[in-house]
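These are the residues of each chain, in order.
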Amino acid sequence: MKWLKDVHDLKHKDMYCNVCGKKLKIEHGILKEDVFSAKKEWGYFSHKDLQIHTFNMCERCYNRMVSEFVIPVDISLKREVM
Ligand SMILES: [Zn+2]
């Protein structure tokens, strides 16, 4: 499973949170708010063979989703800031 934290590849002008439909702030092609971006290429052992699913979540919807996890998210701090 691939969870892409960074969004470098903005193919569309407008981006929306898939959960609440909120439009995400983009200025001059640069995303101005952090977003949870997920991409999953379903494989042979799924019932979605070869489908690629992608979605974005705003931080508020992300917080709501992870608050329902039985096992909490692993959190570590990034040491190098690019
Ligand atoms: Zn949202």
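Report follows, based on the coordinates.

## Some remarks on the coordination of the zinc ion
Around the zinc ion, the protein supplies Cys 17 (SG), Cys 20 (SG), Cys 58 (SG) and Cys 61 (SG) as donor atoms, at distances of 2.3 Å. Coordination geometry of the zinc ion: the 4 donor atoms subtend angles of 104 to 117° at the metal centre, consistent with an arrangement described as tetrahedral. Mapped onto the sequence, the donors of the zinc ion take the spacing C-x2-C-x37-C-x2-C. Here Cys 58 lies in strand S7 (residues 52-58) and Cys 20 lies in the loop between strand S2 (15-16) and strand S3 (23-24), a separation of 38 residues in the sequence. In this structure Cys 20 comes out as partly exposed when scored by relative accessible area, which is 37%. The exposure class of Cys 58 is buried, given its relative accessible area of 1%.

## Describing the packing of aromatic side chains
On inspection of all chains with the given rule, the structure shows 2 aromatic pairs. Seen from their ring centres, Phe 36 and Tyr 62 are 4.9 Å apart, and the 35° between their planes marks the pair as tilted. Taken together, the residues span a long stretch of sequence, with Phe 36 in strand S6 (residues 35-41) and Tyr 62 in helix H1 (residues 59-66) at a distance of 26 residues. Looking at Phe 36, the relative accessible area reads 15%, which means it is buried. You can call Tyr 62 partly exposed: its relative accessible area is 22%.

About the cut-offs
- Residues numbered from 1 in each chain as written.
- Predicted model: local features only at pLDDT ≥ 70, side-chain atom pairs only at ≥ 80, totals over all residues.
- Heavy atoms only, no water.
- Donors = N, O, S within 2.8 Å, 3.2 Å for Na, K, Ca; no water.
- Tetrahedral: all angles 85-135°; square planar, octahedral: opposite > 155°, others 65-115°.
- Helix = DSSP H or I, 4+ residues; strand = E, 2+ residues; numbered from the N terminus.
- Buried < 20%, exposed > 50% of the residue type's maximum accessible area, 1.4 Å probe, protein only.
- Phe/Tyr/Trp six-rings, centres within 6.5 Å; stacked < 30°, edge-to-face > 60°.

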